[in-house]
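Descriptive analysis of the structure
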Amino acid sequence: MTPPPPPRRRRGTGAAVVRPRKLGGVRRSQMVTTYGVGALIAVDNESFIVAGLDSWDVSQAPEVLERRLARLLKVRSFRQPPAPDPDRATDGVHVRRFPNMYSCPKCATLQPFHKFNSPPRTARCGSCEEDLVPSRFILACNNGHISDFPYWRWVHRGSGHTGGLCGGTLSLGTNGSTASLRSVVVSCSCGVPDVSMEGAFRSRVLKDLGIRCEGGRPWLKDTPPEGCEQAPRAMQRGSSAVWHPLVASALSIPPWGEGLHKLVEKHKLLGASEDIIRWFAKNHAALLKSVNATAEDIIHLVRAIEDDDVAAEQDTTPTPKARSALRQEEYIRLVRGNPERYTAEWQPFVCERPLGSPAVLQPLGLRDTMLVKRLREVRALASFMRGDLPSEADPAHRMAPLTLSDDIDWLPAVEVIGEGVFVRLDEERLRSWETDETVITRARRIRDNHLTLLRRRTGTSKTAGRREQDAEEFDSPVSPRYLLLHTLAHILINEWSLDGGYPASALRERLYCDDDMAGLLLYTATSDSAGSLGGIVAQGEPDRLAHALKAALARTAWCSNDPLCMESEAAGVDNVNLAACHACVLLPETSCETNNSFLDRAMLVGTPTGTVPGYFHDLM
């Protein structure tokens, strides 16, 4: 991870030689989920923002193949985040200094970093020799822009000074009276009264001062600010609201990523002429034998894929429907299974039925289970947001660009290898339960809260006659079926983290919920071999699954926060949960698809009074 340094000249020559400074390292997976483009990263006593994709050197970065996901995101390929290679003198991921405002803890001077005359490759005050401290406060808006906090305007409010012409020097200190923002004081040597940072996080205060979003995009090189009408918000530099990644993922299912399809993509035979393909087949006979294919098979497949690519480019299906279609393809393959035919190199997805009979599961409301003994998931960073959490109602301009270059036709991605268990509910029993009026009424409370949130995001006014129209417009996923599947996934992850030997943060959920889908996939989510040790697959055997489900339901029936938890009218961020808290069903954020939203354990076990029947109330 390197920032662009100033040119350095070799002695005796006039040529400027750029020698990047290596700051530190993070895992490749973190460059997609934690420290992606536009995110802030702290290194020692300095702070930086990860630069755009146009600054990344991916010449040596491995390519990640996943055609289904590439078509969804409208890119040609994926690349793993690059790592610096001393032998080839290649850089890693570039960063740029942000925020630009620093302070000295000894002399309390607050000013842009370059004015400190810091020694090369350090962040120290040129006068005090003390390590500098990057600004704790920044400004960001819901459109993804970010900028330094306007300290000068904050301290000179109401003083009559304009344009920064007071001639004084800013200072930042604390009076030690409290641990709140009231004790953080900004002062200026021009003589204006000292001002604390209290109230800086109130958007109304910034608006009254005439502070507007500057449209800054410091992660994009040489990009001027763009116009923005969003009101900026003051944030802590380390706040989770500063950067929300938009990560899209897909499982590698047949035929993509397997056998002949993988051979064609891995060896870049798409677009090749028949003569080149026949030459390849002749000189790689062992490869073709490993996937039981001939040259004619390759030619036929290449032409079919090229035709599909042309059709995909012309496809105008909205993104939400395209994502749903991707999940439906996975659901069909999980139900059908995929026995092992090739080695792990040529078959990343193996899904088989357990040895035990599913009859033991049917009295529990489960139809069957499948053991996913091998799976591969590709996760790609499509964009990011700042401020409010992402939602279905977000307009396109909220999604900040990773680059403005037309030459970038790839996205950063990582692949994880693991295993999992796929569970399906009994459709007949499910339809009988989800049509109960008391169940529908309880689920509607969460649905209405979610639609209220979406309307607030888009500025749509609420009218009594528009409930169904709004639901269709925003496509809220909330339904009794969804709440049931989601909460069931959470309690099984908690139970399996005890029985399978994995921490809950190493397990993930993948929900398949629609009118014709009612299943969930629980799987390991590591980027190394630890994701395929067999501990989770063993939990999918019918007898063990039945035991785990009963134990999980017993834990869920009572929460240490009851009766407050069960009787809650609304819970969680944005009030989109009911009976769900950290003492019962919430998981680490890495494990949940929706950041611990849309949960209600009453859908599983019912309410204590019996007014709302849980899907598993017969087992309680």
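In this report, we go over the structure that sits alongside the text. Each residue is numbered by its place in its chain's sequence as written, counting from 1. Only residues with pLDDT of at least 70 get local features here, since the model is predicted, and only at 80 or more are side-chain atom pairs given and counted; chain-wide, interface and lining totals rely on the full set of residues. By convention in this description, side-chain values take in all heavy atoms of the structure and omit both hydrogens and water.

**Regarding unusual backbone geometry**
Our working rule: Think of it this way: any DSSP run of H or I at least four residues long counts as a helix, any run of E at least two long counts as a strand, and we number them from the N terminus. Only protein chains enter the accessibility calculation, which uses a 1.4 Å probe; a residue is then buried when its area is under 20% of its type maximum, exposed when over 50%, and partly exposed in between.
With omega at 0°, the peptide bond leading from proline 254 into proline 255 counts as cis. Positionally, proline 255 belongs in the loop between β17 (244-251) and α5 (259-266). We note that asparagine 292 has phi near 55°; this positive angle belongs to a residue other than glycine. Relative accessible area serves as the criterion here: at 65%, asparagine 292 is assigned to the exposed category. One non-glycine residue, asparagine 596, lies in the positive phi region at around 60°.

**Quick look at the sheet that holds strand β15 (residues 195-196)**
Operational definition: Note on pairing: two strands pair once DSSP finds at least 2 bridges between them.
Pairing in this open sheet of six strands is antiparallel, and the strands run β10-β8-β9-β13-β14-β15 from one edge to the other. On the outer flanks of this sheet lie β10 (133-134) and β15, each paired with one strand and no other. By the bridge criterion, two bridges tie strand β14 (residues 184-188) to β15 in an arrangement that is antiparallel. Residue pairing across strands places valine 186 opposite valine 195, the latter belonging to β15.

**Let's talk about the environment of arginine 327**
Rules: Residue contacts are defined here by distance: any two heavy atoms, one from each residue, within 4.5 Å place the two residues in contact.
On the secondary structure map, arginine 327 appears in helix α9 (residues 319-336). Considering only alpha carbons, one finds arginine 327 and tyrosine 512, 185 residues apart in sequence, at a separation of 6.7 Å. If sequence neighbours within four positions are ignored, arginine 327 has contacts with Arg510, Leu511, Tyr512, Met517 and Glu593.

**So, the packing of aromatic side chains**
Put simply, the rule reads: Two aromatic rings from Phe, Tyr or Trp, using only the six-membered ring of Trp, form a pair when their centres are within 6.5 Å; if the ring planes differ by under 30 degrees the pair is stacked, by over 60 it is edge-to-face, and anything between is tilted.
What the rule picks out here adds up to 14 aromatic pairs. A centroid spacing of 5.7 Å and a plane angle of 80° characterise the contact between tyrosine 331 and phenylalanine 422, whose relative ring orientation is edge-to-face. On the criterion of sequence distance, the pair formed by tyrosine 331 in helix α9 and phenylalanine 422 in strand β20 (residues 410-425) is long-range, its members being 91 residues apart. Note on tyrosine 331 and tyrosine 512: the rings are 6.0 Å apart at their centroids and 40° apart in plane angle, and the pair reads as tilted. Of this pair, tyrosine 331 sits in helix α9 while tyrosine 512 sits in strand β21 (residues 507-514), and the two are 181 residues apart along the sequence.

**A word on the nonpolar core**
For clarity, the threshold we go by: Throughout, nonpolar core names a set of buried Ala, Val, Leu, Ile, Met, Phe, Trp, Tyr and Cys residues whose side chains join them through atoms within 4.5 Å.
Ranked by size, the top nonpolar core spans 58 residues in total, and within it Leu425, Leu488 and Trp496 carry the most contacts. The dominant element in this core, judged by the number of residues it contributes, is helix α13 (residues 480-499), at ten residues. Once residues within four sequence positions are removed from consideration, leucine 425 is found in contact with Gly365, Leu366, Arg367, Leu430, Leu484, Leu485, Leu488, Ala518 and Tyr615. Counting residues in each nonpolar core, the second largest holds 46 residues, with Phe48, Ala70, Leu220 and Leu326 among its members.

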